[in-house]
Amino acid sequence: KAGVTQTPRYLIKTRGQQVTLSCSPISGHRSVSWYQQTPGQGLQFLFEYFSETQRNKGNFPGRFSGRQFSNSRSEMNVSTLELGDSALYLCASSDTGDVNQPQHFGDGTRLSIL
Amino acid sequence: LAKTTQPISMDSYEGQEVNITCSHNNIATNDYITWYQQFPSQGPRFIIQGYKTKVTNEVASLFIPADRKSSTLSLPRVSLSDTAVYYCLVASGEGYQKVTFGIGTKLQVIP
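How each quantity is defined
Residues numbered from 1 in each chain as written. Chains lettered and ligands numbered in written order. Predicted model: local features only at pLDDT ≥ 70, side-chain atom pairs only at ≥ 80, totals over all residues. Heavy atoms only, no water. Helix = DSSP H or I, 4+ residues; strand = E, 2+ residues; numbered from the N terminus. Buried < 20%, exposed > 50% of the residue type's maximum accessible area, 1.4 Å probe, protein only. Pairing = 2+ DSSP bridges. Axes fitted to C-alpha atoms, helices over the stretch in contact; angles between N-to-C directions. Disulfide = S-S within 2.5 Å. Core = buried A, V, L, I, M, F, W, Y, C linked by side-chain atoms within 4.5 Å. Contact = heavy atoms within 4.5 Å. Salt bridge = Lys/Arg side-chain N within 4 Å of Asp/Glu carboxyl O.

### Brief notes about the overall build of chain B
Next up, step 1: Helix and strand counts for chain B come out as zero helices and nine strands.
Next up, step 2: The helix and strand sequence of chain B, counted from the amino end, reads β-β-β-β-β-β-β-β-β.
Next up, step 3: With the principal axes as the frame, chain B shows a C-alpha extent of 40 × 30 × 25 Å.
Next up, step 4: By residue count, 45% of the 111 residues in chain B fall in the buried class.

### Remarks on the sheet that holds strand S7 (residues 64-68) of chain A
Within a sheet, each strand pairs with its neighbour through backbone hydrogen bonds, oriented either parallel or antiparallel.
Residue and element names in this part refer to chain A.
Next up, step 1: Judged by pairing direction, the sheet is antiparallel, and its four strands sit side by side in the order S1-S3-S8-S7 without closing on themselves. Both edges of this open sheet fall to strand S1 (5-7) and S7, since each of them pairs with a single strand only. Neighbour-to-neighbour, the strand axes of this sheet turn through a mean angle of 20 degrees, independent of strand direction.
Next up, step 2: As paired strands, S1 and strand S3 (residues 19-24) are joined by three bridges and run antiparallel to one another. Bridge pairing in S3 links Thr5 to Ser24.

### Digging into the environment of B:Ser70
Next up, step 1: Along the chain, B:Ser70 turns up in strand S7 (residues 70-75).
Next up, step 2: On the accessibility criterion, B:Ser70 (21% relative accessible area) is partly exposed.

### Some details on the state of the cysteines
All names here are of chain A.
Next up, step 1: In the structure shown here, the tally under the stated rule is two disulfides over all chains.
Next up, step 2: Note on cysteine connectivity: Cys23 is disulfide-linked to Cys91, with sulfurs 1.7 Å apart. Here the S-S torsion is close to -50 degrees, and the disulfide linking Cys23 with Cys91 is therefore left-handed. Remark: Cys91 occurs in strand S9 (residues 87-94) and Cys23 occurs in strand S3; sequence separation between them is 68 residues.
Next up, step 3: With a relative accessible area of 0%, Cys23 lands in the buried category.

### Re the nonpolar core
Next up, step 1: Counting residues in hydrophobic clusters, the biggest one holds 21 residues, and the most contacted among them are A:Trp34, A:Leu46, A:Phe64, A:Met76 and A:Tyr89.
Next up, step 2: At the level of elements, S3, strand S4 (31-38), strand S5 (42-50), strand S8 (74-78), S9 and strand S11 (109-113) of chain A are the ones that each hand at least two residues to this core.
Next up, step 3: Contacts of A:Tyr89, omitting those with residues within four sequence positions, involve A:Gln6, A:Leu21, A:Tyr35, A:Gln36, A:Leu46, A:Phe64, A:Met76, A:Gly108, A:Thr109 and A:Leu111.
Next up, step 4: Counting residues in hydrophobic clusters, the runner-up holds 20 residues, among them B:Ile20, B:Ala84, B:Cys88 and B:Val109.

### Description of the pattern of salt bridges
Residue and element names in this part refer to chain A.
Next up, step 1: Scanning the entire structure with this criterion turns up six salt bridges over all chains.
Next up, step 2: Residues Arg63 and Glu82 are paired through a salt bridge, measuring 3.6 Å at the closest nitrogen-oxygen approach. Here Arg63, found in the loop between strand S6 (53-57) and S7, pairs with Glu82, found in the loop between S8 and S9; they are 19 residues apart in sequence, far enough to count as distant.
Next up, step 3: According to the relative accessible area criterion, Glu82 is partly exposed, its value standing at 41%.
Next up, step 4: A single network of salt bridges, built from pairs that share partners, joins Arg63, Glu82 and Asp85.

All quantities given are derived from atomic positions and should not be read as evidence of function.
In structure tokens, the structure reads:
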């Protein structure tokens, strides 16, 4: 099976712009989660989608949003970008989203805000 | 939410066995313990998961004492390619909003 695919791998934006990141999960996986990784904060949970519904949400402002399509592919959107949004954004998929199942991560999108 | 504590960094020579211990004093009855490995510019990769006693797979072993307040990831005969950050997670149930990866343990394997 193909792994989790995230596009693009690198992205450079300026403050105030918006950005959309894409994630294609492993075939058959219905849960997709998004994480933000920064050197000082480690991996922080953004949100999780299961069968097109947002099921869980972390402590991020409303500028961070997402959605999941019927084929389980997911997109994450960040509006009004701030310098602090510079990070590696990781997507992970699993079958049911239960934490006793391993998550399969993509290699992330490196977002740099100028 | 079970908080985990790991050493920030460890060094080991090639060919040695490496043991990374994670403390989780507040682990709940239904919590599972999961370890991930992450290389620079890549996403974390699942290594091993356990609930109690010992679990072994082709790359590692996980030792969990009876009280489950800690766990030890054992990597046999490490090589340079095992240089990475290792994360210990403790969580149960559905969804990942309560999962905290922390900053992990940076393992440096020395030739």
